[in-house]
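If you want the building blocks of each chain, they are given just below.
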Amino acid sequence: MEVCDVIFRALLSLIALFFVTKLLGKKQVSQLSLFDYVIGISIGNFAAEMTTDLELSYVNGIVAVLVFGLVAFLVSYFTMKSITLRRFFIGTPTILIQNGKILIDNLKKSKLDINDLLEQCRVSGYFDISQIEYALMEANGRLSILPKGEYLPVTINDMKLKVQKQGLCANVIIDSKIMTKNLKIIGKDEIWLEKELRIKGYKELDNILLATLDINEKLVIYERSEQISAFNVLE
């Protein structure tokens, strides 16, 4: 049946796209350069045609997706080895604001007008561009901003405060289940955890949605809570 053929092609193209994306890595998903964007559109187009055009051999579609994926992988590999290739395929940052002054020529090179620049600044949290010392348009199209000295946020170091050790939190309970492996990694066991839970007044795990332990051995517990009706909230 024709419908079954479309379903089969769709699943096949999805599998091919998944493995190609895995090959290219997370960078392809999170930060698209111009080259990555072109490759992504092309691969998506091949996958769509392979799914919907029943006269097209799905083998040819798979080969096209794999070839484009391989080219993208090779470009990614060689751009890590060569600065020249990196600049050609990925691009370089462009300074849009320097020493508080807007560089009109660089705006034109980036195909932006003043309204685009103001919008990007607002998105970054700067509604007054007089607070900006430098602004750079990154190769992936994002705007990086360095504010003027008087507008820099105050840091712990500026205030001469004592800083606690920082690190990732370990999830020791998820959905009322003890994560034994996580406990072992951080050098704890279930006996220690149950003791800490009793100290905090928890005799059972049923009401615990999540429990985390940070590097300073601070145990934080998140209880299950009943969903509040929207009508009750509005009343």
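Here's what I pulled together on the structure shown here. (Residues numbered from 1 in each chain as written. Predicted model: local features only at pLDDT ≥ 70, side-chain atom pairs only at ≥ 80, totals over all residues. Heavy atoms only, no water.)

### Regarding the overall build of the chain
Here's step 1: When its secondary structure is counted, the chain shows 10 helices and eight strands.
Here's step 2: Evaluated residue by residue, the chain yields a buried proportion of 23% over its 235 residues.
Here's step 3: For the chain, restricting intrachain contacts to residue pairs at least 6 apart in sequence, the fraction spanning at least 24 positions comes to 50%.
Here's step 4: Surface summary for the chain: the accessible area is close to 17,100 Å², and the carbon and sulfur share equals 59%. (Helix = DSSP H or I, 4+ residues; strand = E, 2+ residues; numbered from the N terminus. Buried < 20%, exposed > 50% of the residue type's maximum accessible area, 1.4 Å probe, protein only. Contact = heavy atoms within 4.5 Å. Areas by Shrake-Rupley, 256 points an atom, 1.4 Å probe, with all protein chains shown as cover.)

### Focus: the sheet that holds strand 1 (residues 94-98)
Here's step 1: Taken together, the four strands give an open sheet; going across it, the order is 2-1-3-4, and neighbouring strands pair in antiparallel fashion. Looking at strand neighbours, the two that pair on one side only are strand 2 (101-102) and strand 4 (143-147), the edges of this open sheet.
Here's step 2: By the bridge criterion, five bridges tie strand 3 (residues 132-137) to strand 4 in an arrangement that is antiparallel. Bridging from a neighbouring strand, Y134 pairs with L146 of strand 4. (Pairing = 2+ DSSP bridges.)

### Focus: the nonpolar core
Here's step 1: The biggest cluster of nonpolar side chains holds 13 residues, and the ones touching the most others in it are V172, I173, L193, L197 and L219.
Here's step 2: Counting only elements with at least two residues in this core, the list comes to strand 5 (170-174), helix 9 (190-199), strand 7 (208-213) and strand 8 (219-223).
Here's step 3: In terms of nonpolar packing, the next biggest core, distinct from the first, is built from 11 residues, L96, L107, C121 and I132 among them. (Core = buried A, V, L, I, M, F, W, Y, C linked by side-chain atoms within 4.5 Å.)

### Some points on the environment of L210
Here's step 1: Topologically, L210 is positioned in strand 7.
Here's step 2: Take L210: its relative accessible area is 25%, and that puts it in the partly exposed class.
Here's step 3: Separated by 39 residues in the primary sequence, L210 and N171 place their C-alpha atoms 7.2 Å from one another.
Here's step 4: When residues no more than four places from it in sequence are discounted, the contact partners of L210 are N171, I173, I174, V220, I221 and Y222.

### Things to note about the side chain of S176
Here's step 1: Along the chain, the position of S176 falls in the loop between strand 5 and strand 6 (177-178).
Here's step 2: Within the local environment of S176, its side chain forms a polar contact with the backbone oxygen of L205, the two atoms lying 2.9 Å apart.
Here's step 3: One polar contact links the side chain of S176 to the main-chain carbonyl oxygen of D206, over a distance of 3.2 Å.
Here's step 4: Among residues more than four places away in sequence, those in contact with S176 are L205, D206, N207, I208, L209 and R224. (Polar contact = N/O pair within 3.5 Å; in protein donor to acceptor, adjacent residues only side chain to side chain.)

### A word on a nonpolar patch on the surface
Here's step 1: A contiguous nonpolar surface patch, about 650 Å² in accessible area, is contributed by L70, F73, L74, Y77, F78, M80 and L85.
Here's step 2: Residue contributions to the nonpolar patch peak at six residues, all from helix 4 (residues 58-81).
Here's step 3: Within the secondary structure, M80 sits in helix 4.
Here's step 4: For M80, a relative accessible area of 58% gives the class exposed. (Patch = residues over 30% accessible without salt bridge, like charges linked within 9 Å, V, L, I, M, F, W, Y side chains within 5 Å. Salt bridge = Lys/Arg side-chain N within 4 Å of Asp/Glu carboxyl O.)

### Here we look at the environment of N99
Here's step 1: You can see N99 is positioned in the loop between strand 1 and strand 2.
Here's step 2: The spacing of N99 and Y134 is 35 residues in sequence and 6.1 Å in space, taken between C-alpha atoms.
Here's step 3: Leaving out residues up to four positions away in the same chain, N99 has contacts with E133 and Y134.

### Quick word on the pattern of salt bridges
Here's step 1: Using the criterion set out here, one finds one salt bridge in the structure.
Here's step 2: With its nearest N and O atoms 2.8 Å apart, the salt bridge here joins E217 to K188. Here E217 is found in the loop between strand 7 and strand 8, whereas its partner K188 is found in the loop between helix 8 (180-185) and helix 9, with 29 residues between them in sequence.
Here's step 3: For K188, a relative accessible area of 19% translates into the label buried.

### A short note on the pairing of strand 1
Here's step 1: The sheet contact formed by strand 1 and strand 3 spans four bridges and is antiparallel. Across the sheet, Q98 pairs through a bridge with Y134, a residue of strand 3.
Here's step 2: Relative to strand 2, strand 1 runs antiparallel, the two being bridged by two bridges. By the bridge assignment, I97 is partnered in strand 2 with I102.

### Topic: the sheet that holds strand 6
Here's step 1: Ordered by their spatial adjacency, four strands build an open sheet running 6-5-7-8, and the pairing between neighbours is antiparallel. Among the strands making up the open sheet, the edge pair consists of strand 6 and strand 8.
Here's step 2: Summarising the sheet, strand 5 and strand 7 pair through four bridges and their orientation is antiparallel. Among the inter-strand pairings, I173 is bridged to a residue of strand 7, identified as A211.
Here's step 3: Strands strand 5, strand 6, strand 7 and strand 8 of the sheet are contacted by helix 9, whose axis makes an angle of about 70° with strand 8. (Axes fitted to C-alpha atoms, helices over the stretch in contact; angles between N-to-C directions.)

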